[in-house]
Amino acid sequence: MPLHLVTPIDRAQDARADSDSLELPDKGWRSHAADLCYIVLRGSTFLASSYLMALGLPLLFFLLISGGDAGVFFAHLANISDRFLGAEQGRQIGFLDEFKFVLIGVATLVVVWRLPRFINDLERELSGEKL
């Protein structure tokens, strides 16, 4: 009675040695589920990083108009916040609506700009190609 274990990997190698065909086995449902999970995870990190980029663009804008000076930067922010708080409620709502529209538009442009490379990288990684 042999004391060694025969694993499924050993059986697969023996079966491959017996047959001369190099055909890959069909993908099972686990492989498809793994690919789907990978796509969902990569897609969620792609969207999260894109929206963080879009949220950083207003900060970059204010840093550019302040010339990189922190005192001027915070003076611009204080001016905007004073004017926002001093406005009537209808104008505040209008400003927030416009700001949301611009921010969603910028986020959409960032996603559209980054999407072709994301799809190419995802396709390459799922096909098993190396860099």
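Everything in this summary refers to the structure shown in the same document. (Residues numbered from 1 in each chain as written. Predicted model: local features only at pLDDT ≥ 70, side-chain atom pairs only at ≥ 80, totals over all residues. Heavy atoms only, no water.)

## So, the packing of aromatic side chains
Stated formally: Note on aromatic contacts: the rings of Phe and Tyr and the six-membered ring of Trp form a pair at centre separations within 6.5 Å, being stacked when their planes are under 30 degrees apart, edge-to-face when over 60 apart, and tilted otherwise. Counting from the N terminus, the helices are DSSP H or I runs at least four residues long and the strands are E runs at least two residues long.
Summed over the entire model, instances satisfying the criterion amount to five aromatic pairs. A centroid spacing of 5.8 Å and a plane angle of 55° characterise the contact between F84 and F95, whose relative ring orientation is tilted. Here the residue F84 occupies a position in helix α3 (residues 70-86), and F95 occupies one in helix α4 (residues 89-127), the gap between them amounting to 11 residues. Between F95 and F99 the ring centres are 6.2 Å apart and the planes differ by 20°, which places this aromatic pair in the stacked class. With a gap of four residues between them, F95 and F99 both fall in helix α4, about one helical turn apart.

## A word on the pattern of salt bridges
Selection rule: Here, a salt bridge means any Lys or Arg side-chain nitrogen found within 4 Å of an Asp or Glu carboxyl oxygen. The rule is simple: take the accessible area with a 1.4 Å probe, protein chains only, and divide by the maximum for that residue type; under 20% is buried, over 50% is exposed, in between is partly exposed.
One pass over the structure, following the stated rule, counts four salt bridges. E125 is the salt-bridge partner of R42, the closest N and O atoms lying 2.5 Å from each other. Residue R42 is found in helix α2 (residues 29-65), and its partner E125 is found in helix α4; the two are separated by 83 residues along the sequence. We classify R42 as partly exposed; its relative accessible area is 22%. K100 is the partner of D97 in a salt bridge, and the nearest nitrogen-oxygen pair spans 3.9 Å. Of the two residues, D97 and K100 both sit in helix α4, three residues apart, roughly one turn of that helix. Each member of the salt-bridge network shares a partner with another, and the members are R117, D121 and R124.

## Observations concerning the side chain of Q92
Heads up, the condition is: Side-chain atoms alone can form a polar contact between residues adjacent in sequence; in general such a contact is a pair of N or O atoms within 3.5 Å, and within protein one must be able to donate a hydrogen while the other accepts it. Throughout, a contact is declared for two residues whenever any of their heavy atoms are within 4.5 Å.
Relative to the elements of secondary structure, Q92 occurs in helix α4. From its side chain, Q92 meets the backbone oxygen of F84 in a polar contact 2.7 Å long. Sequence-distant contacts of Q92, that is, excluding residues within four places in its chain, are made with F84, L85 and A87.

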